[in-house]
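# Fold and geometry: a report
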Amino acid sequence: MEEYHPTDESSFNPDETTNTIKECIDSIMGRVDYNQQQVNKWTSSICELSLTQLAKQGKPYKYIVNCAVMQKCGAGLHTANSCYWDTAMDGSCTVRWENRTMYCVVCVFAVAI
Amino acid sequence: MSEPAKDKGARRASVKKRGSVSSLGSHDVKAKETTGKTKDSLSTVSYLDEAGHQEENGRLVQMENTYIMGPSKRFPVLVVTDILKDVLGSYLQEEKYDAELCRQMTKTISEVVKARIKELLIPRYKIVVLISIGQLGEQSMYVGSRCLWDAASDTFATHAFKNSSLLAVASVYAVYFE
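Residues numbered from 1 in each chain as written. Chains lettered and ligands numbered in written order. Predicted model: local features only at pLDDT ≥ 70, side-chain atom pairs only at ≥ 80, totals over all residues. Heavy atoms only, no water.

## Some words on the overall build of chain A
Each helix and strand counted, chain A has 2 helices and 4 strands in total. Taking the principal axes of the C-alpha coordinates as reference, chain A spans close to 50 × 25 × 20 Å. Relative to its 113 residues, chain A shows a buried fraction of 61%. Considering only intrachain contacts with a sequence separation of at least 6, the fraction spanning at least 24 residues in chain A is 70%. Of the accessible surface of chain A, which amounts to about 4600 Å², a share of 46% is contributed by carbon and sulfur atoms. Of the side-chain charges in chain A, 9 are positive and 13 negative, and the distance between the mean point of each set is 13 Å. (Helix = DSSP H or I, 4+ residues; strand = E, 2+ residues; numbered from the N terminus. Buried < 20%, exposed > 50% of the residue type's maximum accessible area, 1.4 Å probe, protein only. Contact = heavy atoms within 4.5 Å. Areas by Shrake-Rupley, 256 points an atom, 1.4 Å probe, with all protein chains shown as cover. Lys, Arg positive; Asp, Glu negative; His and termini not counted. Charge placed at Lys NZ, Arg CZ, Asp CG, Glu CD.)

Written out as structure tokens, the structure is:
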């Protein structure tokens, strides 16, 4: 596999990714309340839509998208990630989103090929 | 996460393996606008793991083509699942949910899992460890993930743990570096 990293354009851009993911979540869960039957479909759709948008950027990266949706009941949630990779080329971003009835945390990891 | 932004400055310097642990937590959140009791937090710990050994006048390193078609040693999913069970069980079996403790615990556990996987010495694999610890309440929670990668060489391992007051989900993703 040819390794080439000619310009800044082909590196991971966390800000652009954050905006992309926020739009994905808004489009799928923007106006709904927590629903046990639907949440499976929502997490799958968010992950798949995010992946599609990320792949459209055309950068030489493999992506991992993790989505957690939790109902708002006053309970706490902590998330941590630890990565063993090349910090020059790889990156991650995490997006927190909430509405009246639920929280959504999406983590995106981009690993260079 | 601030880590990638910080690293952009060092990006052209060398190919170093650097670990970073970032965690996100929310505890007893009421709506931000109403009571202002939100205690959302974001903290990042980072450190240098190995000395850089490929610096070249500050340019980004170009690697030679290896002509290898696939991984010589595949990622051992079952071994890693056992590691996750072991680590989560030993760290969380007797613990009660507490915001400060769990904040530290998520970072500690993710570092421990990463270190144990590194001990397996699987060549050319990049590792991502994701840990979530939540309070057991009346709510329901759903975690899903999708990956865009080469299914022949990349894989993942997950484990969920529960005790009387908390639940924990651990996921490890292994991506082959071609």
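The discussion continues.
## A word on helix H2 (residues 39-56) of chain A
Taking 1.5 Å of rise per residue, 18 residues should cover 26 Å, and H2 of chain A covers 26 Å from first to last C-alpha, within 8% of that figure. Against helix H1 (14-29), strand S1 (61-71) and strand S4 (102-112) of chain A together with strand S4 (141-148) of chain B lie the buried residues of H2 of chain A. Where H2 of chain A ends, the next residue or the one after it, Gly58 of chain A, has phi of about 75°, a positive value. (Expected span 1.5 Å × (residues − 1).)

## A closer look at the packing of helix H2 (residues 77-92) of chain B against helix H3 (residues 99-119) of chain B
Residues and elements named next belong to chain B. The contact between H2 and H3 brings their axes to 10 Å, and the two run at 145°. As for the relative orientation of H2 and H3, their crossing is right-handed in sense. Residues Val80, Ile83, Leu84, Asp86, Val87, Leu88, Tyr91 and Leu92 of H2 form the contact with H3, whose participating residues are Met105, Thr108, Ile109, Val112, Val113, Arg116 and Ile117. Here the residues of the contact of H2 with H3 sort into 12 nonpolar, 1 polar and 2 charged. (Axes fitted to C-alpha atoms, helices over the stretch in contact; angles between N-to-C directions. Left-handed = near helix turned anticlockwise from the far one by under 90°. Nonpolar A, V, L, I, M, F, W, Y, C, P; charged D, E, K, R; others polar.)

## Considerations on the packing of aromatic side chains
Under the criterion given, the structure shown has 6 aromatic pairs over all chains. Among the aromatic residues, those joined into a cluster by ring pairs are Phe12, Tyr61 and Tyr63 of chain A. (Phe/Tyr/Trp six-rings, centres within 6.5 Å; stacked < 30°, edge-to-face > 60°.)

## What about the pattern of salt bridges?
For the coordinates displayed, the defined rule picks out 8 salt bridges over all chains. With a shortest N-O distance of 2.9 Å, Lys126 of chain B and Asp90 of chain A are connected by a salt bridge. On the criterion of chain membership, the pair formed by Lys126 of chain B in strand S3 (residues 125-135) and Asp90 of chain A in the loop between strand S2 (77-86) and strand S3 (91-98) is interchain, its members lying in two chains. The exposure class assigned to Lys126 of chain B is buried, which follows from its relative accessible area of 5%. For Asp90 of chain A, a relative accessible area of 5% puts it in the buried group. As a salt-bridge pair, Arg116 of chain B and Asp86 of chain B come within 2.9 Å of each other at their nearest N and O atoms. Here Arg116 of chain B, found in helix H3, pairs with Asp86 of chain B, found in helix H2; they are 30 residues apart in sequence, far enough to count as distant. The partly exposed category is assigned to Arg116 of chain B, whose relative accessible area is 30%. The exposure class assigned to Asp86 of chain B is partly exposed, which follows from its relative accessible area of 39%. (Salt bridge = Lys/Arg side-chain N within 4 Å of Asp/Glu carboxyl O.)

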